[in-house]
Amino acid sequence: GEVAGLHIASAPRQQPSPATMTSVDEPMLVQFESHTSLDMLLLQRPLQADTWKGVIKKVNGADADPSAKSRPLMEVVMDGFPADVSSKRLLIQHRMDTLGRHEFIDLSELAQRWAKDGRAAMQAPLATLNEDDMKRMGADSVFIMRATPAAELREAKAAASADAAARLLAEQRAAAIASGADPDELMLC
């Protein structure tokens, strides 16, 4: 969709009903593309930053940032963005309101609170910005990351695994037939 001139990769926008809206307490995942230390951020309870967990990026089986485990999560999160991203207001699109407008968590504001109040900043409930607030900031001044419900990602991974297994079985069957096996005698388990 388009939000204030920004392209956000997502499914076509639909008007949610209150019954299908994402709960503020539903675990969400934010996947990072260009972060130096983290692959993703798990938001166990999105509006309570002290429940968030970082998933450390691996490079050749080792942590991309060996210091990440010993530093506070907020520092790891904020230090890992490239300069062209970190210079902007960082927002996490985490759900839609009852009118179908996106709601955002302001990661930059949380980082400022962290710098001032430390751990206490992580324990205070987070406020959200609505789509109108975000649009007033201007498209050039924000960087939006999309949070996906963790259950949705698990379902997608399971479907991808099932598809991969079916492809592997089909490839194995084709290879067996190509090597002269009788197709009627091949068992698929």
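Each remark here, short or long, concerns the structure printed above.
Residues numbered from 1 in each chain as written. Predicted model: local features only at pLDDT ≥ 70, side-chain atom pairs only at ≥ 80, totals over all residues. Heavy atoms only, no water.

Below, the discussion takes up the side chain of T51. Take T51: it is sitting in the loop between strand 4 (38-43) and strand 5 (52-56). Exposure remark for T51: the relative accessible area of 17% places this residue in the buried category. A distance of 2.7 Å separates a polar atom in the side chain of T51 from the backbone oxygen of Q48. Setting aside anything within four residues of it in sequence, one finds T51 in contact with L42, Q44 and R45. (Helix = DSSP H or I, 4+ residues; strand = E, 2+ residues; numbered from the N terminus. Buried < 20%, exposed > 50% of the residue type's maximum accessible area, 1.4 Å probe, protein only. Polar contact = N/O pair within 3.5 Å; in protein donor to acceptor, adjacent residues only side chain to side chain. Contact = heavy atoms within 4.5 Å.)

For helix 3 (residues 107-117), the complete set of buried residues consists of L107, S108, L110, A111, R113 and W114. Where helix 3 is buried, its residues meet strand 5, helix 1 (73-79), strand 8 (89-96), strand 9 (102-106), helix 4 (119-123) and strand 11 (142-149). Just beyond helix 3, the residue with positive phi is G118, at close to 60°.

Ring pairs (aromatic) are described by centroid distance and by the angle formed between their planes. In the structure shown here, the tally under the stated rule is 1 aromatic pair. With a centroid separation of 5.5 Å and an interplanar angle of 85°, the aromatic rings of F32 and F81 are classed as edge-to-face. With F32 in the loop between strand 3 (28-31) and strand 4 and F81 in the loop between helix 1 and helix 2 (83-86), this pair connects stretches of sequence that are 49 residues apart. According to the relative accessible area criterion, F32 is buried, its value standing at 9%. (Phe/Tyr/Trp six-rings, centres within 6.5 Å; stacked < 30°, edge-to-face > 60°.)

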